[in-house]
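Remarks on the overall topology
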Amino acid sequence: MAAGIGLWWFASREAEPEAAAPDGANVWIDPDGGSCSRSAQPASYRDGGACGSLSDAYEAASLGDTVRLRAGTYEGQAVAFDEPKGSPDEVLERVVFVPDRDARGTVVFEGTVEILAPHVELRRLSVPGDTIIARYRSDDPAEQAGNVHLVENDVGKIQLNSVRNFRVAGNDIGPREDSDGIDVYA
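This section reports on the structure supplied with the text. Within each chain, residue numbers correspond to sequence positions counted from 1 in written order. Note on the predicted model: pLDDT of at least 70 is required for a residue's local features to be given, and 80 or more for side-chain atom pairs to be given and counted; whole-chain, interface and lining totals, by contrast, use all residues. Computation of side-chain values: all heavy atoms of the structure, hydrogens and water removed.

Details of the packing of aromatic side chains
For clarity, the threshold we go by: Centre distance within 6.5 Å is the pairing criterion for rings of Phe, Tyr and Trp, where only the six-membered ring of Trp is used; planes under 30 degrees apart are then read as stacked, over 60 as edge-to-face, and the remainder as tilted. Helix and strand labels come from DSSP, where a helix needs a run of H or I of at least four residues and a strand needs a run of E of at least two; each type is numbered from the N terminus. The cut-offs for exposure are 20% and 50% of the maximum accessible area for each residue type, with area from a 1.4 Å probe on protein chains only; residues under the lower value are buried, those over the upper are exposed, and the others partly exposed. By definition, being over a ring means that NZ of Lys or CZ of Arg is both within 6 Å of the ring centre and within 35 degrees of the ring normal.
Counted under the stated rule, the structure contains two aromatic pairs. For the ring pair Trp28 and Tyr45, a centre distance of 5.4 Å and an interplane angle of 75° mean the geometry is edge-to-face. Separated by 17 residues along the polypeptide, Trp28 in strand β1 (residues 27-29) and Tyr45 in the loop between β1 and α2 (54-60) bring together distant segments of the chain. We classify Trp28 as buried; its relative accessible area is 6%. For Tyr45, a relative accessible area of 24% translates into the label partly exposed. Directly above the aromatic system of Tyr45 lies the positively charged group of Arg70, at a separation of 3.8 Å from the ring centroid.

As structure tokens, then:
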């Protein structure tokens, strides 16, 4: 009986379609930008299809998508939105931003990275001399950073302003000359 189960599992595994490459993404970002297109299934990098900013990639992505950033240095920027992806008060799938090589230090931001959009995860990005700020203001529909996850980033400082449903895990924070650490404002 056990051998039959093993054969069924092996045969069913062989019949599955080939998975996307582990370095694939639904949306890509590079410093030059392009048409900023989304792939329904994770795909390899295409130069002309990449987005030029975090906000453009967020707009192009769907909840649950992976956005990969090509290795390099980027100016500080914001994850802002024209149309939010779901209610910022709910815990839903997130748009996950990761480096192309999925290792800290390959994507570096020189300046603040500000999260104003809901359902965002930043993973393994470097903002060594500055701050990752996430803002939620119920009186300002342009600042709705709910369900934000900051995971394994290298950052000078993290500042959370009234963020709802957030997670901060495994980040390397500081040192920064003026102030480092995590500031949480109600």
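So, the pattern of salt bridges
Defined as follows: Just to be clear on terms, a salt bridge is a Lys or Arg side-chain nitrogen sitting within 4 Å of an Asp or Glu carboxyl oxygen.
Overall, the coordinates contain 10 salt bridges when judged by the stated rule. In this structure, Glu121 engages Arg123 in a salt bridge whose closest nitrogen and oxygen atoms are separated by 2.6 Å. Where Arg124 meets Glu152, a salt bridge forms, and the shortest distance between an N and an O atom there is 2.8 Å. In this pair, Arg124 is assigned in the loop between β6 (120-123) and β7 (126-135) and Glu152 in the loop between β8 (148-151) and β9 (154-161), connecting sequence segments 28 residues apart. For Glu152, a relative accessible area of 28% translates into the label partly exposed. Salt bridges here are not isolated pairs; linked through shared partners, they connect Arg94, Glu121 and Arg123.

Things to note about the pairing of β9
For the record, the criterion: Pairing between two strands is assigned when DSSP locates at least 2 bridges connecting them.
Along β9, seven of the eight residues are buried, which leaves the element largely enclosed by surrounding structure. With seven bridges joining them, β7 and β9 adopt parallel strand pairing. For Val127, the partnering residue across the bridge sits in β9 and is Val155. When β9 meets strand β11 (residues 172-173), the two strands line up parallel, connected through two bridges. When the sheet's bridge partners are listed, Val155 is paired in β11 with Ile173. Strand direction decides the pairing type here: β9 and strand β12 (residues 181-185), joined by five bridges, are parallel.

A look at the nonpolar core
To keep it simple, the criterion reads: By nonpolar core we mean a set of buried residues, namely Ala, Val, Leu, Ile, Met, Phe, Trp, Tyr and Cys, connected to one another through side-chain atoms within 4.5 Å. In this analysis, two residues are considered to be in contact whenever any of their non-hydrogen atoms come within 4.5 Å of each other.
Of all hydrophobic cores here, the largest spans 32 residues; its most connected members are Ile29, Leu69, Phe97, Phe109, Ile115 and Leu122. When residues in this core are grouped by element, the largest group, four residues, is from strand β5 (residues 107-115). In this structure, Phe97 is in contact with Ile29, Leu54, Ala57, Tyr58, Val67, Leu69, Val120, Glu121, Leu122, Arg123 and Leu125, ignoring residues within four places of it in sequence.

Re the state of the cysteines
Note on terminology: disulfide describes a covalent bond linking the sulfur atoms of two cysteines. In plain terms, the rule: A pair of sulfur atoms, both from cysteines and within 2.5 Å, is called a disulfide here.
Summed over all chains, the structure comprises one disulfide. With a sulfur-sulfur separation of 1.9 Å, Cys36 is cross-linked through a disulfide to Cys51. In this structure, the disulfide formed by Cys36 and Cys51 twists by about 80° around the S-S bond and is classed as right-handed. Of the two residues, Cys36 sits in the loop between β1 and α2 while Cys51 sits in the loop between β1 and α2, which places them 15 residues apart along the sequence.

Some points on a nonpolar patch on the surface
Put simply, the test is: Exposure above 30% relative accessible area and the absence of a salt bridge qualify a residue for a patch, where like charges join within 9 Å and nonpolar side chains (Val, Leu, Ile, Met, Phe, Trp, Tyr) within 5 Å. Computed with the Shrake-Rupley method and a 1.4 Å probe, the accessible areas treat only the protein chains shown as cover for residues.
On the surface, a cluster of nonpolar side chains totalling about 270 Å² of accessible area is made up of Phe166, Ile182 and Val184. Looking at where Val184 falls in the secondary structure, it is placed in strand β12. Here Val184 falls in the exposed class, since its relative accessible area comes to 56%.

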